[in-house]
Amino acid sequence: MRLPHPLYGLYERRLAASLPSAQMPRHIGVILDGNRRWARSSGVSSAHGHRRGADKIGDLLAWSEDVGVEVVTLWLLSTDNLARDPEELEPLLTVIEDVVGELAAERRWRIQAVGALDMLPERTAEALRCAQEATADVEGLHVNAAVGYGGRREIADAVRSFLRHHAAAGTDLEELAEAFDVDHIAEHLYTKGQPDPDLVIRTSGEQRLGGFLLWQSAHSEFYFCEAYWPDFRRVDFLRALRAYAQRERRLGR
């Protein structure tokens, strides 16, 4: 529903004021979906759609800060996306390199690269590493930039990391199998040490995770928004928070 100005502003303010501050999520995951469809519907190139989507990220992070969110994970590129036509993939990678550099330059948010950097072109991986290093001492909102990310790949990487750690320590395989439990996976995920996402938002009307934070989202709440990512507004964000606050979280119990 698109409310005309000034009713939109009034509705947004009332919605923001109605949110219970004690029931806001600590960690939000966002699947930034719909850039290409937005571009087609607007009669512009996919690259322009990706750039418009990138321009929206700073707004999302500011909105998240306003309500006390501690961690935001942005799914910018999946491992499956790497199989796209090079004519589309190259401009998308350039947009990602630019946006992580822009976010890091603000020195407002702590950027962490989340994904299989070895699957990315070196210039993209280097842009992510530079953004992470440049903001390592920033104490603001923690932003996970999920690029070259796939949930199955993350779990496989976690198992590999665990096995390598114990192989180096000379742990017996049988002993390792007997002691192995879910905590060992969590300790080797890309997001180790962070709270699991309380809320996962996906834009564009798609109602699936597509492999996003498969391990970490076991007890997450999900919110699916019809708007394409470049059209995602603060009111859409506030509605997601309202839906989250209204749910009774049992956390599997």
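Everything below is about the structure printed above this text.
In this report, the structure presented in the accompanying data block is examined. (Residues numbered from 1 in each chain as written. Predicted model: local features only at pLDDT ≥ 70, side-chain atom pairs only at ≥ 80, totals over all residues. Heavy atoms only, no water.)

1. A short note on the sheet that holds strand S4 (residues 142–149)
To be explicit about the condition: The criterion for strand pairing is that DSSP finds at least two bridges linking the strands in question. Put simply, DSSP H or I for four residues or longer makes a helix, DSSP E for two residues or longer makes a strand, and each gets a number counted from the N terminus. Geometry is summarised by axes, namely lines fitted to C-alpha atoms with helices restricted to the contacting stretch, and by angles between N-to-C directions that run from 0 to 180 degrees. Contacts are assigned to residue pairs with any non-hydrogen atoms lying within 4.5 Å of each other.
With respect to topology, six strands assemble into an open sheet ordered S3-S4-S2-S1-S5-S6, the strand pairing being parallel. The open sheet is flanked by strand S3 (110–114) and strand S6 (221–224), the only strands paired with a single partner. In this sheet, neighbouring strand axes are inclined to one another by 20° on average, regardless of whether the strands run parallel or antiparallel. The sheet contacts of helix H3 (residues 46–66) involve strand S1 (27–31), strand S2 (71–78) and S4, and relative to S2 the element is tilted by about 160°. Set on the sheet, helix H4 (residues 86–105) makes contact with S2, S3 and S4; between it and S2 the angle comes to about 160°.

2. Quick word on the layout of surface pockets
Here is the rule we go by: Here a cavity denotes a set of grid points, spaced 1 Å apart and computed over the protein atoms alone, in which a 1.4 Å probe fits but from which it cannot get out, and a pocket denotes an open set meeting protein on both sides within 12 Å along at least five of seven lines; residues with an atom within 4 Å of a point are reported as lining. Grid points are joined across faces, edges and corners, and a volume is the space filled by probe spheres set on the points. Lys, Arg, Asp and Glu make up the charged group, whereas Ala, Val, Leu, Ile, Met, Phe, Trp, Tyr, Cys and Pro make up the nonpolar group; the residues left over, Gly among them, are polar.
Size it by volume and the largest pocket reaches roughly 570 Å³. As for the largest pocket, its lining consists of 27 residues, of which Leu32, Asp33, Leu76, Asn81 and Arg84 are closest to the centre. Secondary structure elements with two or more residues in the lining of the largest pocket: helix H2 (35–42), H3, S2 and H4. The residue inventory of the lining of the largest pocket, partitioned by class, reads 12 nonpolar, seven polar and eight charged.

3. Considerations on the nonpolar core
Rule in force here: Nonpolar core, defined: a set of buried Ala, Val, Leu, Ile, Met, Phe, Trp, Tyr and Cys residues in which side-chain atoms within 4.5 Å join the residues together. The rule is simple: take the accessible area with a 1.4 Å probe, protein chains only, and divide by the maximum for that residue type; under 20% is buried, over 50% is exposed, in between is partly exposed.
Residues Ile57, Leu60, Leu61, Leu74, Leu76, Leu77 and Val100 are the most contacted members of the largest nonpolar core, which totals 54 residues. It is H4 that contributes the most residues to this core, nine residues altogether. Non-local contacts of Leu76, meaning those with residues more than four positions away in its chain, are made with Leu32, Ile57, Ile96, Val100, Ala145, Ala146 and Val147. Counting 11 residues, the second largest nonpolar core, distinct from the first, contains Ile31, Val114, Ala146 and Val200.

4. Looking at the packing of aromatic side chains
To keep things clear, this is the line we draw: In this scheme Phe, Tyr and Trp rings, the latter by its six-membered ring, pair at centre separations within 6.5 Å, and the angle between planes marks the pair as stacked below 30 degrees, edge-to-face above 60, and tilted otherwise.
If you walk through the whole model with that rule in mind, you get eight aromatic pairs. Both rings, one in Tyr149 and one in Phe212, keep their centres 6.2 Å apart while their planes meet at 80°; by these two values the pair is edge-to-face. A residue pair is termed long-range when its members are at least 10 positions apart, and Tyr149 in strand S4 and Phe212 in the loop between strand S5 (199–202) and S6 qualify at 63 residues. The exposure class assigned to Phe212 is buried, which follows from its relative accessible area of 1%. Here the aromatic residues Trp63, Trp229, Phe232 and Phe237 are joined through ring pairs into a cluster of three or more.

5. Description of H4
Keep this limit in mind: Any helix carries an expected span of 1.5 Å times its number of residues minus one. We call two N or O atoms a polar contact when they sit within 3.5 Å, provided that within protein one can donate a hydrogen and the other can accept it, with sequence-adjacent residues counted only if both atoms are side-chain atoms.
Here H4 spans 28 Å end to end across 20 residues, near enough to the 28 Å set by a 1.5 Å rise per residue. Within the span of H4, buried status applies to Glu88, Leu89, Leu92, Leu93, Val95, Ile96, Glu97, Val99, Val100, Leu103 and Ala104. Of the surrounding secondary structure, the elements contacted by the buried residues of H4 are H2, H3, S2, S3, helix H5 (122–134) and S4. Where H4 begins, the side chain of Asp85 points an oxygen toward the backbone nitrogen of Glu87, at a separation of 2.8 Å. Looking one or two places after H4, you find Arg107, whose phi comes out positive at around 55°.

6. Things to note about the side chain of Glu221
Along the polypeptide, Glu221 turns up in strand S6. On the basis of relative accessible area, Glu221 is assigned to the buried category, the value being 16%. Engagement of the side chain of Glu221 in a polar contact is seen with the side chain of Arg247, the distance being 3.3 Å. In this structure, Glu221 is in contact with Asp198, Leu199, Val200, Tyr244, Arg247 and Arg249, ignoring residues within four places of it in sequence.

7. Overview of the side chain of Lys56
Heads up, the rule is: Counted as positive: Lys and Arg. Counted as negative: Asp and Glu, with His and the chain ends omitted from the count. Salt bridge, as applied in this entry: a Lys or Arg side-chain nitrogen positioned within 4 Å of an Asp or Glu carboxyl oxygen.
Relative to the assigned elements, Lys56 resides in helix H3. Buried charge without a salt bridge: Lys56, with Asp59 as the nearest opposite-charge side chain at an N-O distance of 4.3 Å. Only 2.9 Å separates the side chain of Lys56 from the backbone oxygen of Phe232, close enough to count as a polar contact. When residues no more than four places from it in sequence are discounted, the contact partners of Lys56 are Trp63, Trp229, Pro230 and Phe232.

8. Here's the deal with the pattern of salt bridges
Scanning the entire structure with this criterion turns up 22 salt bridges. Residue Arg37 is joined to Glu206 by a salt bridge in which the shortest nitrogen-to-oxygen separation is 3.4 Å. Taken as a pair, Arg37 in helix H2 and Glu206 in the loop between S5 and S6 lie far apart in primary sequence, 169 residues in all. Residue Arg37 is classed as partly exposed on the basis of its relative accessible area of 23%. Overall, Glu206 belongs to the partly exposed group, its relative accessible area being 26%. As a salt-bridge pair, Glu122 and Arg129 come within 2.4 Å of each other at their nearest N and O atoms. Note on Glu122: relative accessible area 52%, which makes it exposed. Given the relative accessible area of 28%, Arg129 is considered partly exposed. A cluster of three or more residues bridged by salt bridges with shared partners is formed by Asp33, Arg37, Arg202, Glu206 and Arg208.

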